[in-house]
There are 2 protein chains.
Amino acid sequence: MTNASVSFAPAVSAPATPTLLPTGLRDALPPEAEHQAACVADLLRGFAAEGYERVEPPLVEFEDSLLADADTSVARQTFRLMDPVSQRMMGVRPDITIQVARIATSRLAHRPRPLRLAYAGDVLRVKGNQLQPQRQFTQVGVELIGAASVAADVEVIRCALDGLSRLGVAGLTVDLTVAALVPQLFDLYGLPTAQRATVRDALDRKDGAAAAEQAGPLADLLTGLLAATGPARAALMLLTSLDLPDAVQPLRRDLTEVAEALLHQVPQVGLTVDPIEGRGFEYHTGVGFTLFARQVRGELGRGGRYQAGVDPVEASTGVTLFMDAILPAVPVPAPRQRLFLPAGTPVDVGRSARADGWVTIAGLDPKEAAETSAKRLNCQAIYRDGQIVELKERA
Amino acid sequence: MTNASVSFAPAVSAPATPTLLPTGLRDALPPEAEHQAACVADLLRGFAAEGYERVEPPLVEFEDSLLADADTSVARQTFRLMDPVSQRMMGVRPDITIQVARIATSRLAHRPRPLRLAYAGDVLRVKGNQLQPQRQFTQVGVELIGAASVAADVEVIRCALDGLSRLGVAGLTVDLTVAALVPQLFDLYGLPTAQRATVRDALDRKDGAAAAEQAGPLADLLTGLLAATGPARAALMLLTSLDLPDAVQPLRRDLTEVAEALLHQVPQVGLTVDPIEGRGFEYHTGVGFTLFARQVRGELGRGGRYQAGVDPVEASTGVTLFMDAILPAVPVPAPRQRLFLPAGTPVDVGRSARADGWVTIAGLDPKEAAETSAKRLNCQAIYRDGQIVELKERA
């Protein structure tokens, strides 16, 4: 008797303040909920057509696997639950990427590489903030596991852009970064630890003078990198002219090659580069990226290259799309036409009308006049005397 | 900077036992995850075509609204979380019906009745049991709010059956019940409280002799009701012949009328009635039902008539479908054909192949022989010299 062991009571007495949900949590109502589901399905359909197969990890896991190697800000944003079965702590996922990488490197370790996986689901976070008060998000994404090439980075970025374009999001732009560059330069030039935070902070504010002041022998290079920021063609030219140490040449080469491929493959998309940006990319080992649209506040998605698994480590690239930011930029389709079927209409009439694309609304009360019911229920047509008759606004 | 305040680290080191999820929680892998999503989408598409509009309540709510009037077994099955924002307890939903009824009677109180709502989502429960070890389920359902008629009950049951048929579930059966009948008889005949549990227990075991022994003046009636159980036509005839008190005539009438309408509208579906069944229907005020398929262990879904809201109370009918029980009964579609695009294939070739229905798999490594890559990645065709060429199993 599946699900029958506990009787879940549909009887509901609304509490005193029935609409009061916790801050940052909300109900999606019609037509928004359907719109979001349709957009998510459309994105996944596109990813599936490029070989990204869907996985669906659980909402909660043991915290040690959910937060494996995650930084402390992630751990702080994770709701904990005591598992009465194992007596161990579980966490409600604050992100899905980590779960997908776990699946790829464990249960799907035997599958040939590169492995393409897709996902969609909700995540929960302990607190919102002023810019982003929501605490539950829908995330959609892909991970391309076991391919260490520029082609992999480009595929993931283009896939995400194609998906957003298909939804109708206009004015797409991509910002490329290589978060590992600055820390590697700090190491190569032996910048004292005490100064690193100050310089990093100045770079984050794009304050070149303050950064140079504290950066010692790195001053010129950092000033040059700060200048090599902005629209891709000009910035790449400046970046190419910089005299970078050999050790970081691969990062510059990857950034340049990814940018050039995108300029070629998706010429309609605005492309910027920012070789010093690092915030939110702390774990990225190669090219990272953020997706924007000109009319939308905030990021539509982000991703980049990272290492999945241990022994073996697998070079991987992924992207996460944030549906709450994307949805306002997607045109909502016109509502479908509704046909009222007066009480007692044979079921086959309804089946046939639905096959023709109608939304049918069945009358349940034979005592109410059919046309009154139809208008009250927002129908544009009514089934009468064996025919579908359009309803006039004012009869 | 949407979502940017916290950097969610995609860097993952698999923990020591990476596949060890908590008991009752699992990863859905390819192709299962996509199959489930497609089935859910198909069900919701069918419901939408009959006017059921989707809502999406949050995963967690304050426990007092989530568990409003829920019985203690529901409360015991609910994971609790402390909300650091409000310092109040929240619960992870163990069921979605209660949330949808909350939405209907609060935020959508202004919408005309009857109100048709649909939902799909995951629920979490504290513990599984031997028969049902899972602790996370996907539920899909509809609620028809504000219609107190047999036509409403029939619509919801038929909608669910049509949805399951469309998925390809064969051998569907419905078991109808009226859980309020026996308690009302207990009251009408003044059965002492002490005996009620014993009688109820005997009825649940279908032990007529034991029930009659303790039921005093109700003995004959309960024996008659026990006999009126089974395939609908014969059982309804027996039920009609019973001399029931006037107060419970409406329950018998509703059960009979729902059964007759289903025999007429979905004649291919097996129909049984069980007028004494009450387990899992404690809150149902009229006809309740359970959906089965002949080849499937356990229930595919259940639902029935209940009261939503307070002041005003709204007569409502709903159904919940259990995807974990349904999926094994749904034929899995054949996998789509995969076309390998050697590294460097122009992006437009891929776009055009996907528009023709291919799943394209892009080669990322120009050093690997294209045909080797294609076979390794399970492709049935390869793009070569401007053409799509089928790959032989053994070239």
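Residues numbered from 1 in each chain as written. Chains lettered and ligands numbered in written order. Predicted model: local features only at pLDDT ≥ 70, side-chain atom pairs only at ≥ 80, totals over all residues. Heavy atoms only, no water.

## Concerning the overall build of chain A
Each helix and strand in chain A was counted, giving 14 helices and 16 strands. For chain A, the spread of C-alpha atoms along the three principal axes comes to 90 × 55 × 45 Å. Within chain A, buried positions represent 59% of all 395 residues. Of the contacts made within chain A by residues no fewer than 6 positions apart, 63% connect residues no fewer than 24 positions apart. Carbon and sulfur atoms make up 54% of the accessible area of chain A, which amounts to about 16,100 Å² in all. (Helix = DSSP H or I, 4+ residues; strand = E, 2+ residues; numbered from the N terminus. Buried < 20%, exposed > 50% of the residue type's maximum accessible area, 1.4 Å probe, protein only. Contact = heavy atoms within 4.5 Å. Areas by Shrake-Rupley, 256 points an atom, 1.4 Å probe, with all protein chains shown as cover.)

## Things to note about unusual backbone geometry
A cis geometry characterises the amide bond from Arg113 of chain A onward to Pro114 of chain A, with omega recorded as -5 degrees. Within the secondary structure, Pro114 of chain A is located in the loop between helix H4 (97-105) and strand S5 (115-124). Positioned with a positive phi, Asp385 of chain A is a non-glycine residue whose angle comes to about 55 degrees. Within the element layout of this structure, Asp385 of chain A appears in the loop between strand S15 (381-384) and strand S16 (387-390). One non-glycine residue, Gln87 of chain B, lies in positive phi territory at about 60 degrees. As for its position among the elements, Gln87 of chain B is in the loop between strand S3 (80-82) and strand S4 (89-92). Classification of Gln87 of chain B as exposed rests on a relative accessible area of 56%.

## Some remarks on the relation of the copies chain A and chain B
Expressed as a screw operation, the relation of chain A to chain B combines 0.0 Å of axial shift with a rotation of 180 degrees, fitting to an RMSD of 0.0 Å. Those values place the two copies in the arrangement expected of a two-fold rotation axis. Ranked by how close their C-alpha atoms come to the rotation axis, the residues of chain A are headed by Leu81 of chain A, at 3.5 Å. (Least-squares fit on C-alpha atoms with pLDDT ≥ 70 in both.)

## Thoughts on the interface of chain A and chain B
In this complex, chain A contributes 129 residues to the contact, which on the side of chain B involves 129 residues. Roughly 11,100 Å² of surface becomes buried between chain A and chain B when both sides are summed, with 62% attributable to carbon and sulfur atoms. Counting every contact that joins chain A to chain B gives 9 salt bridges. For the interface between chain A and chain B, the tally reads 20 residue pairs in polar contact (both at pLDDT 80 or more). Residue contributions to the side of chain A that touches chain B peak at 6 residues, all from H4 of chain A. Taken together, the residues of the side of chain A that touches chain B break down into 67 nonpolar, 25 polar and 37 charged. (Buried area = accessible area lost by both parts, 1.4 Å probe. Salt bridge = Lys/Arg side-chain N within 4 Å of Asp/Glu carboxyl O. Polar contact = N/O pair within 3.5 Å; in protein donor to acceptor, adjacent residues only side chain to side chain. Nonpolar A, V, L, I, M, F, W, Y, C, P; charged D, E, K, R; others polar.)

## A closer look at the sheet that holds strand S3 (residues 80-82) of chain A
Residues and elements named next belong to chain A. The strand order S2-S4-S3 describes an open sheet built from 3 strands, whose pairing is antiparallel. Two strands lie at the open edges of the sheet, namely strand S2 (60-62) and S3, each paired on one side alone. Recorded for the sheet is a direction-independent mean angle of 35 degrees between the axes of neighbouring strands. Of the pairings in the sheet, the one linking S3 to strand S4 (residues 89-92) comprises 3 bridges and is antiparallel in character. Looking at the pairing, Leu81 lines up with Met90 of S4. (Pairing = 2+ DSSP bridges. Axes fitted to C-alpha atoms, helices over the stretch in contact; angles between N-to-C directions.)

## Some points on the confidence of the model for chain A
In the predicted model, chain A carries a mean pLDDT of 92, and 94% of its residues have values of at least 70. Taken as a whole, residues 1-18 of chain A scores under 50 in pLDDT and shows 64 contacts with residues more than four places along the chain or in a different chain. (pLDDT = per-residue confidence, 0-100.)

## What about helix H11 (residues 249-265) of chain A?
Residue and element names in this part refer to chain A. The end-to-end C-alpha distance of H11 is 24 Å, a good match for the 24 Å that 17 residues give at a rise of 1.5 Å each. What H11 keeps buried is the set Leu251, Arg252, Asp254, Leu255, Thr256, Val258, Ala259 and Leu262. Elements in contact with the buried residues of H11: helix H5 (150-167), strand S7 (172-177), helix H6 (181-188), helix H10 (232-241) and strand S9 (270-273). (Expected span 1.5 Å × (residues − 1).)

## Points about the environment of Ala329 of chain A
All names here are of chain A. Turning to its location among the elements, Ala329 is positioned in the loop between helix H12 (323-326) and strand S13 (338-341). According to the relative accessible area criterion, Ala329 is buried, its value standing at 18%. Along the chain, Ala329 and Val319 lie 10 residues apart, while their C-alpha atoms are 19 Å from each other.

## Considering the packing of H6 of chain A against helix H7 (residues 193-204) of chain A
Residues and elements named next belong to chain A. Following both chains from N to C, one finds H6 and H7 inclined at 145 degrees, their axes separated by 12 Å at the closest point. H7 is crossed by H6, and the crossing has right-handed handedness. Residues Val182, Phe186 and Asp187 of H6 pack against Arg196, Val199, Arg200 and Leu203 of H7. Among the residues forming the contact of H6 with H7, the class breakdown is 4 nonpolar, no polar and 3 charged. (Left-handed = near helix turned anticlockwise from the far one by under 90°.)

## Describing the packing of aromatic side chains
Enumeration according to the criterion identifies 0 aromatic pairs over all chains in this entry. Over the aromatic face of Tyr52 of chain A sits the side chain of Arg116 of chain A, whose NZ or CZ is 5.9 Å from the ring centroid. (Phe/Tyr/Trp six-rings, centres within 6.5 Å; stacked < 30°, edge-to-face > 60°. Lys NZ or Arg CZ within 6 Å of the ring centre and 35° of its normal.)

## Looking at the pattern of salt bridges
Opposite charge on two side chains permits pairing when their charged atoms draw close. For the structure on display, the rule yields 65 salt bridges over all chains. Between Arg354 of chain A and Glu50 of chain B there is a salt bridge, and its shortest N-O distance comes to 3.3 Å. With Arg354 of chain A in helix H13 (residues 347-355) and Glu50 of chain B in the loop between helix H1 (32-49) and strand S1 (53-54), the pair connects residues from two separate chains. As far as the burial class goes, Arg354 of chain A and Glu50 of chain B line up, both buried. Arg113 of chain B is paired through a salt bridge with Glu314 of chain B; the nearest N and O atoms lie 2.7 Å apart. Here Glu314 of chain B lies in strand S12 (residues 314-322) and Arg113 of chain B lies in the loop between helix H4 (97-105) and strand S5 (115-124), a separation of 201 residues in the sequence. A relative accessible area of 15% means that Arg113 of chain B is categorised as buried.

## Topic: the sheet that holds strand S9 (residues 270-273) of chain B
All names here are of chain B. In spatial order, the strands read S1-S5-S6-S12-S11-S10-S7-S9-S8; together these 9 strands make up an open sheet with mixed pairing. The outermost strands of the open sheet, each flanked by one partner alone, are S1 and strand S8 (230-231). One ladder, built from 7 bridges, connects strand S6 (residues 136-145) with S12; its direction is antiparallel. Across the sheet, Ile145 pairs through a bridge with Ser316, a residue of S12. Those strands touched by helix H11 (residues 249-265) are strand S7 (172-178), S9 and strand S10 (287-293), and its axis lies near 165 degrees from that of S7.

## A few points about the environment of Gly216 of chain A
Note that Gly216 of chain A resides in the loop between helix H8 (208-214) and helix H9 (219-227). It is 9.0 Å that separates the C-alpha atoms of Gly216 of chain A and Tyr189 of chain A, two residues lying 27 residues apart in sequence.

## A closer look at the side chain of Arg252 of chain A
All names here are of chain A. Assignment of secondary structure puts Arg252 in helix H11. Although Arg252 is buried, it makes no salt bridge; Asp243 carries the closest opposite charge, 6.4 Å away. Of the polar contacts made by the side chain of Arg252, one reaches the backbone oxygen of Leu242; its length is 2.7 Å. The contacts of Arg252, once residues within four sequence positions are left out, are Leu239, Thr240, Leu242 and Leu244. (Lys, Arg positive; Asp, Glu negative; His and termini not counted.)

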